[in-house]
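Results of the structural survey
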Amino acid sequence: MEIHKYEKIWLAGALLLIVGFIATVSYGAVGAGIEMVDNEGGQVDPKALDQHPKFSEPGTYKTGPNQYDVYVVAQQFAYLPGTSDPIRVPANSEVTFHVTSRDVIHGYEIVGTNANTMAIPGQVSQMTVKFGEAKEYGLLCNEYCGAAHHAMEGKIVVVPEDEWNESMVVN
């Protein structure tokens, strides 16, 4: 059986496309550093966040030299802190965000960075971001969470080190 020259070309092209699609999917799943929300952050009772040692007073906590933890509660249609009271962290610091939701699934994206996670009721999502220079970052919800989803936003203010004040930290 003889295969025509044009059929061979089309078969080779189709095989190259298949290999290219598999490589693209593999890179997207592994190579880009994208991770799924896992159990690393632990679990909490979303109805009892008021009794949790950190989520009852969400905010910035110092954990070491130039290292901070920020505890954030997402709820319809605000971030606590973040929406009415911006999150403040010093420049040149490493910040680990611990994010959970009180009610429904929300998104938590720090605009201008690659930090993006889901806030799931009962699940604590963790992500670490290194902030260099002083500037402001927006927060937005990228998971539809209800009628005022489009208004769910907040702010992170990276304060210059010489203006940073330990009174901005929750004790």
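Everything discussed here concerns the structure shown above.
Residues numbered from 1 in each chain as written. Predicted model: local features only at pLDDT ≥ 70, side-chain atom pairs only at ≥ 80, totals over all residues. Heavy atoms only, no water.

Some words on the overall build of the protein
Tallying secondary structure elements over the protein gives one helix and ten strands in all. For the protein, whose C-alpha radius of gyration is 22 Å, the value lies well above the compact-globule estimate of 16 Å for 171 residues. Expressed as a percentage of the 171 residues in the protein, the buried residues total 35%. A separation threshold of at least 6 residues defines the contact pool for the protein, and within that pool the share at least 24 residues apart is 65%. For the protein, the exposed area adds up to about 10,400 Å²; of that, 55% sits on carbon and sulfur atoms. For the protein, the separation between the mean place of its 10 positive charges and that of its 21 negative charges on side chains is 4 Å. (Helix = DSSP H or I, 4+ residues; strand = E, 2+ residues; numbered from the N terminus. Rg over C-alpha atoms; globule rule 2.2 N^0.38 Å. Buried < 20%, exposed > 50% of the residue type's maximum accessible area, 1.4 Å probe, protein only. Contact = heavy atoms within 4.5 Å. Areas by Shrake-Rupley, 256 points an atom, 1.4 Å probe, with all protein chains shown as cover. Lys, Arg positive; Asp, Glu negative; His and termini not counted. Charge placed at Lys NZ, Arg CZ, Asp CG, Glu CD.)

Regarding the pairing of strand 9 (residues 136-140)
Judged by which residues are buried, strand 9 turns out to be one-sided: Tyr137 and Leu139 face inward and are buried, whereas Glu136, Gly138 and Leu140, on the alternate face, are not. Relative to strand 9, strand 6 (residues 106-110) runs antiparallel, the two being bridged by two bridges. Bridging across to strand 9, Ile110 finds its partner in Leu139. Where strand 9 meets strand 10 (residues 153-159), five bridges bridge the pair, whose relative direction is antiparallel. Residue pairing across strands places Tyr137 opposite Ile156, the latter belonging to strand 10. (Pairing = 2+ DSSP bridges.)

What about helix 1 (residues 5-31)?
Helical geometry note: an α-helix holds 3.6 residues per turn, so side chains three or four residues apart project in the same direction. Relative to the 39 Å expected for 27 residues at 1.5 Å per residue, helix 1 spans 37 Å between its end C-alpha atoms, a close match to the ideal helical length. Of all 27 residues making up helix 1, only zero are buried, and the element is barely covered by its neighbours. (Expected span 1.5 Å × (residues − 1).)

What about the environment of Asp45?
Here Asp45 lies in the loop between helix 1 and strand 1 (60-64). For Asp45, a relative accessible area of 46% translates into the label partly exposed. Separated by 76 residues in the primary sequence, Asp45 and Pro121 place their C-alpha atoms 7.9 Å from one another.

Notes on unusual backbone geometry
The omega torsion of the bond from Gln76 to Phe77 falls at 0 degrees, within 30 degrees of zero and hence cis. With respect to the element layout, Phe77 can be found in the loop between strand 2 (67-75) and strand 3 (78-80). In the segment running from Leu80 into Pro81, the intervening peptide bond is cis, with an omega of -15 degrees. Residue position: Pro81 is located in the loop between strand 3 and strand 4 (87-90). Phi angles above zero are rare outside glycine, and Asn66 is one such case at about 60 degrees. Structurally, Asn66 can be placed in the loop between strand 1 and strand 2. Backbone geometry at Asn92 places phi at a positive 55 degrees, although glycine is not the residue there. Along the polypeptide, Asn92 turns up in the loop between strand 4 and strand 5 (93-101).

On their own, these measurements won't tell you what the molecule is for.
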